[in-house]
Amino acid sequence: MKSTPDRPLKICMVASEVVPLAKTGGLADVVGALALEFAKLGHDVCVILPAYRQVDALGYRMTEVARLSVPAWQGVVDARVQEILAPPLQVKGPGRLRVLAIRHDPFFARPGLYQEAGRDYTDNLDRFAFFCRAVMELLVYFGEHEGWRPDLLHVHDWQAALCAVYLRTLYHAQPSLSRTRSVLTIHNLGYQGLFPPEQFSVTGLPLHLFTPAALEFYGRINLLKGGLVFADLLTTVSPTYSQEIQTPEYGCGLEGVISERKHVLHGIVNGIDAELWNPATDQYLTAQYSPSDMSGKARCKKALQRELGLRSVKGPLLGVIARFTSQKGIDLVIEILPDLMELDAQVAILGTGDPLYEQQMRELAERYPEKIAVRNAFDEGLAHRIEAGADMFIMPSRYEPCGLTQLYSLRYGTVPIVRKTGGLADTVVGYTPRALNEKRATGFSFMDASSASLLTCLLLALSVYRKKSDWQRLVKTGMTQDLSWARSAAIYLQLFHDVVTPEGALEK
Ligand code: ADP
């Protein structure tokens, strides 16, 4: 691979979630950390998200940078653009990171990001089409008033995908955006932004784009598909997932479109924010620890057992932190828990989602109160304490674009037990005696998405757990993996440079 050229790029990242401002899942972690990494490497980065109530509640200082008149289907709608001065997103280094929020309270000042009480907001197309249109208007404004013209428009998932469509259609003739190239990163193909055809006018796009060659998907509007068709570059969050999504099993109906564009598709594994997720400095924990001194981890385990009301036992404590969806194989965990209870093991579970899974989990916790603890909440601190206090982490995903929790587990010396798919296959080396001896093994993995395979894999993990020196080797190998963003950010930047060259390179 060519080395990263020196020219600093102007990168505009558009996403519906950014840590620490708004988060429902890994997307937020990735956008926040990647933006910081680009800026630390000297690039000029601007991140744009909606001004949700969640963002306001954090109380960070905000200053107004623009007022926009955004064309929308119902006429022109006003939006304010505010810069958020959030210390965790302030960059130490030569680059610049600006975090901007699009404020239109009727759309975004709500209790949820996408839904309430498990139901999607019925006007999500209005909300995110407006968001994308406002972003485009802002870029035009920046071009005209500040001379700031992005080289790259880096959009994430279906909520931001329309920006890539707008760039090539409604904003095609904008002189200030003529050199801008777009990149769509797919964090999860399972969420595509599907809407009924009669709402197409909400997008503001000409009707001829409602065809199978553009945004139509079996009679419905598909925003992610629009991004897949129109973006100059496509990335997804692991090499294995980038291959999987070209097949009917994982392509969620989009495998044909993706295969057609495979020459511009790249799989780049996520890194982790090594400052936020560092057991040696983590302030959410009772005790800190590192590979050279693991005594703090035992204290974290005891504290977690106390916090969750679990009895202190000798056997391993297993952690689960996930959205309760079938994607995450939560039903497989539920199926094996009674068997697991016959063994010397405990489980700490944190997650929200499907009400049926929540209820089944709660029932199991009531049946085995000293061995299973379940918390149905979104609790950042507890997530850190489970990563630190558990001995193993269970992640039997049916599909997993990258997965972050197994990466946090590796860093925290909590051995991941994963289904061999997507990013889990790329980031966890399954135990075999040979892989252990060669200091390659970092966890346990299985193929079949069945409770029998998960249980068999867990039994193997429990048997290795009893061999202390083998277990320590597994833990140490995991903890010393390079999970930082540096490598992945360099790959993104190389791709960016390739796509903006040659024309972009001429621009000053
Ligand atoms: P996904 O993005 O598919 O949900 P990832 O593993 O990529 O899965 O990222 C999940 C992120 O969300 C992690 O940072 C994890 O710690 C966090 N998370 C998930 N559920 C909860 C919860 N209930 N409370 C706190 N953090 C959670």
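Residues numbered from 1 in each chain as written. Predicted model: local features only at pLDDT ≥ 70, side-chain atom pairs only at ≥ 80, totals over all residues. Heavy atoms only, no water.

*Asks:* What's the story with the layout of surface pockets in this structure? I'm lost.
*Replies:* If you roll a probe as big as a water molecule over the atoms, it shows you where there is empty space left. Roughly 820 Å³ of internal volume is contained in the second largest pocket. Looking at the lining of the second largest pocket, the elements with two or more residues in it are helix 9 (295-308), helix 16 (451-465) and helix 17 (468-479). The dominant element in the lining of the second largest pocket, judged by the number of residues it contributes, is helix 17, at 6 residues. Looking at the lining of the second largest pocket residue by residue, the class counts come to 12 nonpolar, 6 polar and 9 charged. (1 Å grid on protein atoms, 1.4 Å probe; cavity = no way out; pocket = protein on both sides within 12 Å on 5 of 7 lines; lining within 4 Å. Points joined across faces, edges and corners; volume = space filled by probe spheres on them. Helix = DSSP H or I, 4+ residues; strand = E, 2+ residues; numbered from the N terminus. Nonpolar A, V, L, I, M, F, W, Y, C, P; charged D, E, K, R; others polar.)

*Asks:* Honestly, the sheet that holds strand 12 (residues 220-222) in this entry has me stumped. Any pointers?
*Replies:* Note: strands within a sheet are paired through backbone hydrogen bonds, in either parallel or antiparallel orientation. Ordered by their spatial adjacency, 3 strands build an open sheet running 10-12-11, and the pairing between neighbours is antiparallel. At either margin of the open sheet sits one strand with a lone partner, and together these are strand 10 (194-195) and strand 11 (216-217). Here strand 10 pairs with strand 12 via 2 bridges, running antiparallel. Of the residues in strand 12, the one forming a bridge with L194 is N222. (Pairing = 2+ DSSP bridges.)

*Asks:* Explanation requested: the nonpolar core in the structure shown.
*Replies:* Generally speaking, nonpolar side chains in soluble globular proteins are found buried as a group. Within the largest apolar cluster, 184 residues are counted, with the highest numbers of intra-cluster contacts made by F38, L215, L340, F444 and F496. Of all the elements, helix 4 (residues 124-145) adds the most residues to this core, at 13 residues. Inspection of this core shows a minimum of three residues originating in each of domain 1 (10-271 + 486-502) and domain 2 (295-481). (Core = buried A, V, L, I, M, F, W, Y, C linked by side-chain atoms within 4.5 Å. Buried < 20%, exposed > 50% of the residue type's maximum accessible area, 1.4 Å probe, protein only. Domains from an automatic or database assignment.)

*Asks:* What exactly am I supposed to notice about the site of the ligand here?
*Replies:* In the vicinity of the ligand lie 18 residues, with K23, G26, R323, K328 and A377 positioned nearest. Here an oxygen atom of the ligand sits 2.6 Å away from a polar atom, N or O, in the main chain of G26. One of the side-chain nitrogen or oxygen atoms of K328 is found 2.8 Å away from an oxygen atom of the ligand. Calculation on the ligand without its partners gives an accessible area of 560 Å², and the protein chains cover 93% of this total. Among the elements of the structure, helix 1 (26-40), helix 12 (380-389) and helix 13 (405-411) are those that each provide at least two residues to the shell around the ligand. (Near = heavy atom within 4 Å. Polar contact = N/O pair within 3.5 Å; in protein donor to acceptor, adjacent residues only side chain to side chain. Areas by Shrake-Rupley, 256 points an atom, 1.4 Å probe, with all protein chains shown as cover.)

*Asks:* Mind showing me how you'd approach the state of the cysteines here?
*Replies:* Any covalent bond linking the sulfur atoms of two cysteines counts as a disulfide. Scanning the entire structure with this criterion turns up 0 disulfides. Counting only cysteine sulfurs, C163 is the nearest neighbor of C132, a cysteine outside any disulfide, at a range of 3.8 Å. Unpaired in this structure, C457 has its nearest cysteine sulfur neighbour in C402, at a distance of 19 Å. (Disulfide = S-S within 2.5 Å.)

*Asks:* What is the right way to read the domain arrangement of the chain from this model?
*Replies:* One widely used convention gives an interface's size as the accessible area the parts lose upon coming together. One can read the domain layout of the chain as domain 1 (10-271 + 486-502) and domain 2 (295-481). Between domain 1 and domain 2, the C-alpha centre-to-centre distance is 33 Å. Counting residues at the interface gives 19 residues for domain 1, matched by 20 residues for domain 2. Taking both partners together, domain 1 and domain 2 bury about 1300 Å²; carbon and sulfur atoms supply 55% of that area. (Contact = heavy atoms within 4.5 Å. Buried area = accessible area lost by both parts, 1.4 Å probe.)

*Asks:* What's the story with the pattern of salt bridges in this structure? I'm lost.
*Replies:* Opposite charge on two side chains permits pairing when their charged atoms draw close. Here the structure, examined in full by the defined rule, presents 19 salt bridges. Between E370 and R311 there is a salt bridge whose closest N-O contact spans 2.8 Å. Residue E370 is located in the loop between helix 11 (355-367) and strand 17 (372-375), and its partner R311 is located in the loop between helix 9 and strand 15 (317-321); the two are separated by 59 residues in the primary sequence. E370 gets classed as partly exposed once you look at its relative accessible area, which sits at 40%. Among the salt bridges present, the one from R398 reaches D331, with a minimum N-O distance of 2.8 Å. Here the residue R398 occupies a position in the loop between strand 18 (392-395) and helix 13, and D331 occupies one in helix 10 (residues 330-340), the gap between them amounting to 67 residues. (Salt bridge = Lys/Arg side-chain N within 4 Å of Asp/Glu carboxyl O.)

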